[in-house]
Every structure is written in structure tokens, then in C-alpha cells.
Amino acid sequence: MENSIDSILKRYKPGRREDLIPLLQEIQEEAGFLSVDAIVKIGRHLGLSTTKIYGLATFYDQFRFIPRGKIHLKLCHGTTCFLNGSQSILNKITEETGIGPGQTTRDGSFSFEVVPCMGGCNKGPVILINDEYFTNVQADQIPELIKKLKYLAEDD
Ligand code: FES
């Protein structure tokens, strides 16, 4: 992993602080989350303190500082999905898994992320579970869905 962080950093000019967000995005895309090591390396490269980077990155919902779970739930919370009930789905997921957006369960089974529009508004609310899209999801389907996913996570 260290090598891929280094090779990403090489493509960015040192000291260009305006590159912070794209850099964080690219490293997270590659590693799945932003490790302490990654933050330290980014800080050195751009000339920013780790405190400043954490301060900025935690402001954005998209950044994760812990690894993903075996089952990663990505819920769309864009306007259309929100109007169709994504808030109740969010609450239900939290109720069933014990984690909120940006968190991973202690046993590493589930991680949960909330994102803006995923481009399937006419079929919302939309959830992406690992690589599979679930559309027109309703909050009352969540308990059964999580139950099934728990079996899957245990099987792995
Ligand atoms: S708002 Fe959810 S897919 Fe567009």
C-alpha cells in the first residue's frame, strides 16, 4: 500500500495545497480509507500539518479514516432519494447495524457511507451494497436485508 500512496503523491507537485482534496480522494479510492500513514505522507508532500488535514477532511462526509467492512453499504442521500425516504433508511440501517455514516462495525462486518446523488434518481432510494445496486428501497425492508447480509459476512 505504501508504494501506491507514494506513486500517487509523485503525480502531484509538492507544496500545492489546493491539491489536498483531489489527493485525499485519489488515495482513498486506492486504499479504501485514509490511514494515519497516508495523512502524514500527504502532510509532508503538501507542507500541511496533519491536524490541518484532519480538520479539513473530517468536514467532508466522503472521507473515511478506518477500513471498510466486509459488507459496505453506500446509501444515496441526494435530494430525490431524500424526498423518497432515505432518512428513514439511514435510521433503520443505524438501528440494525449499530453504526452511523462513516463508521465500521467493531467486528469488521459492516461499514456505512452516505453519498450524494448516485445517478439513479428515478429508481430511488438507492443503496449500493458492495458492487450491487438496490433500487426503490423502503425502510421496512432493511431489517430483513441486514439479517441476510449478516449471514453473508459470517460466511466469509
Ligand atoms: S438522489 Fe439518489 S440517485 Fe439521485
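Quick notes on the rules
- Residues numbered from 1 in each chain as written.
- Predicted model: local features only at pLDDT ≥ 70, side-chain atom pairs only at ≥ 80, totals over all residues.
- Heavy atoms only, no water.
- 1 Å grid on protein atoms, 1.4 Å probe; cavity = no way out; pocket = protein on both sides within 12 Å on 5 of 7 lines; lining within 4 Å.
- Points joined across faces, edges and corners; volume = space filled by probe spheres on them.
- Helix = DSSP H or I, 4+ residues; strand = E, 2+ residues; numbered from the N terminus.
- Nonpolar A, V, L, I, M, F, W, Y, C, P; charged D, E, K, R; others polar.
- Domains from an automatic or database assignment.
- Buried < 20%, exposed > 50% of the residue type's maximum accessible area, 1.4 Å probe, protein only.
- Polar contact = N/O pair within 3.5 Å; in protein donor to acceptor, adjacent residues only side chain to side chain.
- Contact = heavy atoms within 4.5 Å.
- Pairing = 2+ DSSP bridges.
- Axes fitted to C-alpha atoms, helices over the stretch in contact; angles between N-to-C directions.

Draft legend 1. Just the layout of surface pockets, in detail. Its boundaries defined by the atoms lining it, the largest pocket holds a volume of some 250 Å³. Considering the residues around the largest pocket, the lining is formed by Gln 25, Gln 28, Glu 29, Gly 32, Gln 62, Phe 63, Arg 64, Arg 68, Lys 74, Glu 113, Val 115 and Pro 116. For the lining of the largest pocket, the secondary structure elements donating two or more residues are helix 2 (20–31) and strand 2 (110–115). Ranked by residues supplied to the lining of the largest pocket, first place goes to helix 2 with three residues. Looking at the lining of the largest pocket, its residues break down into three nonpolar, four polar and five charged. Three or more residues apiece are contributed to the lining of the largest pocket by two domains, here domain 1 (2–57) and domain 2 (71–155).

Draft legend 2. Representation of the domain arrangement of the protein. Assigned domains of the protein: these are domain 1 (2–57) and domain 2 (71–155). Inter-centroid distance (C-alpha atoms) of domain 1 to domain 2 is 28 Å.

Draft legend 3. Representation of the side chain of His 72 within the structure. With respect to the helices and strands, His 72 occurs in strand 1 (residues 71–76). Among the residues examined, His 72 registers a relative accessible area of 5% and is labelled buried. In this structure the side chain of His 72 is engaged in a polar contact, spanning 2.6 Å, whose partner is the side chain of Ser 111. Here His 72 is in contact with Arg 64, Ser 111, Phe 112, Glu 113, Leu 128, Ile 129 and Asn 130, once residues within four sequence places are set aside.

Draft legend 4. Just the sheet that holds strand 3 (residues 127–129), in detail. The strand order across the open sheet built from four strands is 2-1-3-4, with neighbouring strands paired in mixed fashion. Both edges of this open sheet fall to strand 2 and strand 4 (132–134), since each of them pairs with a single strand only. Within this sheet the neighbouring strands show an average axis-to-axis angle of 20°, counted without direction. Strand direction decides the pairing type here: strand 1 and strand 3, joined by three bridges, are antiparallel. Residue pairing across strands places Leu 73 opposite Ile 129, the latter belonging to strand 3.

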